[in-house]
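# Summary of structural features
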Amino acid sequence: MQPLPGIRIRRLRLAGVSRNYEVDFTRDQRVRDLSVVAGAFSSGKTAVLEFIAYGLGGKRHPRHPEVLRKVRSCLLEVELSGEPHVIERPVGEPSKVAYVRRGTLDSPPLSKPESRLIDPAGSPESLSALLLGHCKLEGVQLREAPSSRESRTDPLSFRDLMNLAFLPNERIASKNFLFENEYMKKHKLKQVVDVVFGVHDDRAVELGQRIKELGARLTQARSELASARAFVDEQDVPAVGSLVAEQYEGELRELTEELRVLDEAAHAGTTFAGRLRRDHQQAAQLARRAAGVVRDCETQLARMMPLRAQYADDLVKLNMLAEAQLLFDPLSVMTCPACLNRLPAPPSVENGSCSLCSHELPHGDGHLTLGTADAQQVSDERQLDVAAEIRATKARLKEITAYVEGLDASLAALKLRAEDAAIDEERAAAAVDEATSPSVTPFLAARDHLQRRREEVLRNLQHAENATKLQAGLEKRAALVKRQEAQIERLREELDRLGDAAQDRDLVVGRISGRYSELLRQWRYPKLSQPMIDTNLVPYVRGDSYREASSGARTLLALAWQLAVFEVAVETSAAHPGFLMIDSPQKNLGHSGTRDAVIADAIAIDDFYRHLTDWLAEEGAGAQLIIVDNSPPTLVEDNVVVRYSRNEDQPPYGLIDDETTVGEDGHPQPPHTDQP
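What counts as what
- Residues numbered from 1 in each chain as written.
- Predicted model: local features only at pLDDT ≥ 70, side-chain atom pairs only at ≥ 80, totals over all residues.
- Heavy atoms only, no water.
- Helix = DSSP H or I, 4+ residues; strand = E, 2+ residues; numbered from the N terminus.
- Buried < 20%, exposed > 50% of the residue type's maximum accessible area, 1.4 Å probe, protein only.
- Contact = heavy atoms within 4.5 Å.
- Areas by Shrake-Rupley, 256 points an atom, 1.4 Å probe, with all protein chains shown as cover.
- Pairing = 2+ DSSP bridges.
- Core = buried A, V, L, I, M, F, W, Y, C linked by side-chain atoms within 4.5 Å.
- Axes fitted to C-alpha atoms, helices over the stretch in contact; angles between N-to-C directions.
- Parallel < 35°, antiparallel > 145°, perpendicular 65-115°, else oblique.
- Nonpolar A, V, L, I, M, F, W, Y, C, P; charged D, E, K, R; others polar.
- Phe/Tyr/Trp six-rings, centres within 6.5 Å; stacked < 30°, edge-to-face > 60°.
- Lys NZ or Arg CZ within 6 Å of the ring centre and 35° of its normal.
- Left-handed = near helix turned anticlockwise from the far one by under 90°.
- Salt bridge = Lys/Arg side-chain N within 4 Å of Asp/Glu carboxyl O.
- Expected span 1.5 Å × (residues − 1).

### Comments concerning the overall build of the chain
Tallying secondary structure elements over the chain gives 13 helices and 22 strands in all. Scored against the burial criterion, the 676 residues of the chain give a buried share of 42%. Of the contacts formed within the chain by residues at least 6 apart in sequence, a portion of 69% connects residues at least 24 apart. Carbon and sulfur atoms make up 52% of the accessible area of the chain, which totals about 36500 Å².

Below you can see the structure in the form of structure tokens.
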């Protein structure tokens, strides 16, 4: 069976810090028609659907503490018109860019990841434009004021279309199911339904605008394809298939293995020279030691020679000082300074005055500082000090001279010993070369040959990879041109048919209303009467709007409305994504404190799932339904893709199954809170 156009969900993977968290919606590599995510409350079931919506361009993702701690990116594997793709968005702050590549999560990428903007949705490079293109809705414009033909228009966003593909918990049983409290969203939902079934106002004008816009994009795509082909032709890129690249990779692996074997053989073939290598190492060590001793001796000589010269200079200065004290003693007064005749007697103290100058002395002790006797005594003491310094300096100079002469005498012998050690090292190295050269040389030649071949193969492989990338780029551009041509052709055919066989909106609404009534009868809605959907798409039962019904009744009416639109869209090949996600179909029917006893006692949930399985097996073949339910019946046990226990002893605990906490009662508590 050929896959329907649109989108199918294959796998959700949350890439974490230390591990990944995954939900698989396939069976035998094919998308399941019905997938049920089951388990206890507050285990992360709703987060699965919210992450799928986030991967398809949603504005936000679940922000539970364990998600922000553990998860770094959201990867969604989908089928776009039957071809597998992977959409990746970072987790943390909602990203403004998504990365899309062809292929699956576990297979090598078939193309380089392509950056797609989240906003603005109307940009041709946005993720919304890509997804809408696979739903046959690319380029659709919605009027801000539907009743005015001159109203401004906004591009259709895939987030708008998700209202028909995702029924979240908060909309089930809500009195704001059709966004009655939000004027713009209410009218946009009605417009989206009309667009999906092709019955909205100004259909012909809108088709013409889309054909014109797609024609401009097609012209640009053809121009880019022609430029890329011209570049490839100028570069003379050969047509290289994946088989050639695999051959080069296989040859590269073989050469690498041959090099490894050759190195092992060379090592084994030269082990006999181990003793010669050890001898060479010992000789080299001795040579280094001898050269070090010579350097130390020369260094000591270089340091001691200036020291010896300094001591010799100090000795000369001391001898000059001793002679100067004998010749020019300033403390000896033996000649009269006036007449320069020798004094008959040394100066003395007479009656408190100096006998030489008759100056009264301030001291009464009778001591003359410059007396002959005192000067002679001081001179003798200083003469003795200088003599001691001269003897000590001579002794040190003699020791230094003896040490320098010893070093100088031993330096020649040390140099000879170092030269002999160097010669021994050269002989040992020559012996090693002579012994190993005949064994190593063939290995070296063979290794050089293998290395040259390996470099050549690497170059060829690089050229093959570059050629493959260029060809992949050409194929991608050609596929884009082909897809846009097909879209324009389809729109032109639809425009041609519009004048003769335009679908009547009343007929479409009537068919949806009929399916809505049929579903309520199958589910045994109590006291069913006058079920219908009016022209404003508002569901009625018993003559009243759904807003007047009880909580449990609103659950059934919301499910019936959503399924009626989905089923009719699939059966008529309308522009619907082809999948539907429902969160908690048993809300108010037995799983919460606000249980609607009248409805819950009359409705069997088995009827709901039985209808889905029967419809998917016949009219809905190829469509996809993903349902989150706390306790699905045994009827769909084979369709349960994962069941979260919220019990550490029964894995998986939840979506983030390695994140659990303990409450005050000692029992494991949920890591985050789901909707009931």
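### Details of helix 1 (residues 45-55)
For helix 1, a buried count of 10 out of 11 residues is recorded, marking the element as mostly surrounded by other parts of the structure. Taken together, the buried positions of helix 1 are occupied by Lys45, Thr46, Ala47, Val48, Leu49, Phe51, Ile52, Ala53, Tyr54 and Gly55. Positive phi appears at Gly57, one or two residues downstream of helix 1, with a value of about 110°.

### Section: the sheet that holds strand 16 (residues 539-541)
Pairing is antiparallel across the open sheet formed by 3 strands, whose spatial order is 15-16-17. The sheet terminates laterally at strand 15 (532-533) and strand 17 (544-545), the two strands that pair on one side only. Pairing geometry for strand 15 and strand 16, over 2 bridges, is antiparallel. The partner of Met532 across the bridge, within strand 16, is Tyr540.

### Observations concerning the nonpolar core
The biggest cluster of nonpolar side chains holds 110 residues, and the ones touching the most others in it are Ile9, Phe51, Ile52, Leu56, Phe197, Ile582 and Phe608. Counting residues per element, this core draws most heavily on helix 11 (residues 551-571), which supplies 14 residues. The next biggest cluster of nonpolar side chains, apart from the first, holds 13 residues, and it includes Ala287, Val294, Val404 and Ala418.

### A word on the packing of helix 11 against helix 13 (residues 605-617)
Here helix 11 crosses helix 13 at 5°, and the two axes come no closer than 13 Å. The orientation of helix 11 relative to helix 13 falls into the category roughly parallel. Taking contact as the criterion, the partners of Leu559, Leu563, Phe566, Glu567, Val570 and Glu571 in helix 11 are, on helix 13, Phe608, His611, Leu612 and Trp615. Here the residues of the contact of helix 11 with helix 13 sort into 7 nonpolar, 1 polar and 2 charged.

### Quick notes on the packing of aromatic side chains
With the rule as written, the count across this model stands at 5 aromatic pairs. Between Phe608 and Tyr609, the aromatic rings sit 5.1 Å apart at their centres with planes inclined by 80°, giving edge-to-face as the arrangement. The same class applies to Phe608 as to Tyr609, namely buried. Taken together, the ring pairs connect Phe177, Tyr546 and Trp561 into an aromatic cluster. Positioned above the aromatic ring of Tyr54 is the side chain of Arg89, whose terminal nitrogen or guanidinium carbon lies 3.9 Å from the ring centre.

### Points about the packing of helix 5 (residues 183-197) against helix 11
Helix packing geometry: the angle between the two helix axes and the distance between the axes. One can describe the packing of helix 5 onto helix 11 by two numbers: an axis separation of 10 Å at closest approach and a directional angle of 25°. Our classification of the angle between helix 5 and helix 11 gives roughly parallel. Handedness of the helix 5/helix 11 crossing: left-handed. Contacts from Leu189, Val196 and Phe197 in helix 5 reach Trp561, Val565, Val568 and Ala569 in helix 11. Across the contact of helix 5 with helix 11, the residue classes tally to 7 nonpolar, no polar and no charged.

### Some words on the pattern of salt bridges
Enumeration over the complete set of coordinates arrives at 30 salt bridges. Here Asp657 makes a salt bridge to Arg19, at a shortest N to O gap of 2.7 Å. Residue Asp657 is located in the loop between strand 20 (640-644) and strand 21 (661-662), and its partner Arg19 is located in the loop between strand 1 (7-16) and strand 2 (20-24); the two are separated by 638 residues in the primary sequence. Taking the relative accessible area as the measure of exposure, Asp657 reaches 26% and is therefore partly exposed. Using a relative accessible area of 34% as the deciding quantity, one classes Arg19 as partly exposed.

### Things to note about helix 11
Between its terminal C-alpha atoms helix 11 stretches 30 Å, which fits the 30 Å expected from 21 residues at 1.5 Å a residue. A positive phi of about 55° marks Ser573, the residue just after helix 11.

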